[in-house]
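Notes for the structure review
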Amino acid sequence: MTGIELFSYAACPFAQRVRMVLIEKDIRFDLVEIDLANRPAWFAEVSPYGKVPVLRHAGRIVWESAIINQYLDEAFPSPPLLPADAYRRALARICMDYCDTRLLPAVHKLMQPGQTAADTAAQRERLAGVLRFMDAEGLCRLGDGPYWLGATPTLVDFQFLPFFERFGVYEELGGAEWPAECTRLRAWYDAMSERRSSIETRHTLDFHLDQQRRLRALQAAAGHPGNR
Ligand SMILES: N[C@@H](CCC(=O)N[C@@H](CS)C(=O)NCC(=O)O)C(=O)O
């Protein structure tokens, strides 16, 4: 026992965010894999929202991936994964918020099953606009790279990475395209892909495609788009 447990699900991008930060900080932890299709009854006691990830540290629970990562950064300050300067920290939080409030809705809309060709084309353009904004207003303005805020990674990088690891799914199932002018975004992804935290938490494109197809089948059967 390490005193730290992460309740996780292998395919979950939000759990991956937390696993990456635990690895970056060299924190030992016990991984408790939850089968979300067949969750144990006790999981309701651990997870207030019924979701993964949940962190249990010294008997206390923290949930919501972005908040877990900020908690880890405060509880285990080395190496720091947020800037020392208050204004730069605010910018980091704006970028993390952008991921959840702009990038993810664009991805989810594109991946929604049963759309018309015109809807899919519109969602594809929306996602391309989000990527262009990230490149031009984020990566190009905030520092010299390769990471979002400069030469060393911050929580911002781990917030985004899982959704770019899955970009091949958006290409294959939604016809998404990586805009050619987003060269900083490409350089960022290349730098992130070489990190141990990325390598150790990575799954293949086939794995992600399989997961997405299953999710789409479930959503289609339930007649709703889901809320991941
Ligand atoms: N906002 C949450 C999202 C977590 C989430 O949606 N987890 C999914 C798996 S990827 C889940 O547990 N779904 C189960 C459910 O909604 O019942 C976070 O950032 O931690």
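Residues numbered from 1 in each chain as written. Predicted model: local features only at pLDDT ≥ 70, side-chain atom pairs only at ≥ 80, totals over all residues. Heavy atoms only, no water.

**Side note on the domain arrangement of the protein chain**
- Taken domain by domain, the protein chain consists of domain 1 (4-75) and domain 2 (86-222).
- Counting residues at the interface gives 18 residues for domain 1, matched by 24 residues for domain 2.
- Interface of domain 1 and domain 2: buried area, both sides summed, is about 1,800 Å²; carbon and sulfur atoms make up 57% of it.
- Among the residues domain 1 hides against domain 2, the three largest losses belong to Gln 16, Arg 17 and Met 20. Together they make up 33% of the total.
- Counting across the interface, domain 1 meets domain 2 through three salt bridges.
- Linking domain 1 to domain 2 there are 12 residue pairs in polar contact (both at pLDDT 80 or more).
- Where the side of domain 1 that touches domain 2 is concerned, the elements lending two or more residues are helix 1 (13-24) and helix 3 (65-75).
- Considering each element in turn, the side of domain 1 that touches domain 2 owes the most residues, nine residues, to helix 1.
- Here the residues of the side of domain 1 that touches domain 2 are counted per class, giving 10 nonpolar, three polar and five charged. (Domains from an automatic or database assignment. Contact = heavy atoms within 4.5 Å. Buried area = accessible area lost by both parts, 1.4 Å probe. Salt bridge = Lys/Arg side-chain N within 4 Å of Asp/Glu carboxyl O. Polar contact = N/O pair within 3.5 Å; in protein donor to acceptor, adjacent residues only side chain to side chain. Helix = DSSP H or I, 4+ residues; strand = E, 2+ residues; numbered from the N terminus. Nonpolar A, V, L, I, M, F, W, Y, C, P; charged D, E, K, R; others polar.)

**Some thoughts on the site of the ligand**
- Around the ligand lies a shell of 13 residues, among which Cys 12, Lys 51, Val 52, Glu 64 and Ser 65 are the nearest.
- Note that an oxygen atom of the ligand is positioned 3.2 Å from one of the side-chain N or O atoms of Arg 39.
- A distance of 2.6 Å is found between an oxygen atom of the ligand and a side-chain nitrogen or oxygen belonging to Ser 65.
- Here the ligand, which alone exposes 510 Å², has 83% of that area covered by the protein.
- Its residues placed into classes, the shell around the ligand shows six nonpolar, two polar and five charged. (Near = heavy atom within 4 Å. Areas by Shrake-Rupley, 256 points an atom, 1.4 Å probe, with all protein chains shown as cover.)

**Thoughts on the packing of aromatic side chains**
- Counting across every chain of the model gives 14 aromatic pairs.
- Each residue in the set Trp 148, Phe 160, Phe 164, Phe 167, Tyr 170, Trp 178, Trp 188 and Tyr 189 is aromatic and connected to the rest through ring pairs, giving one cluster.
- Its end group placed over the ring of Trp 178, Arg 186 keeps NZ or CZ at 4.0 Å from the ring centre. (Phe/Tyr/Trp six-rings, centres within 6.5 Å; stacked < 30°, edge-to-face > 60°. Lys NZ or Arg CZ within 6 Å of the ring centre and 35° of its normal.)

**A look at the side chain of Arg 19**
- Mapping Arg 19 onto the fold places it in helix 1.
- Of the side chains with opposite charge, Glu 33 comes closest to the buried, unpaired Arg 19, at an N-O distance of 6.1 Å.
- Ignoring anything within four residues of it in the chain, the contact list for Arg 19 reads Leu 6, Ser 8, Ala 10, Leu 31, Glu 200 and Thr 201. (Buried < 20%, exposed > 50% of the residue type's maximum accessible area, 1.4 Å probe, protein only. Lys, Arg positive; Asp, Glu negative; His and termini not counted.)

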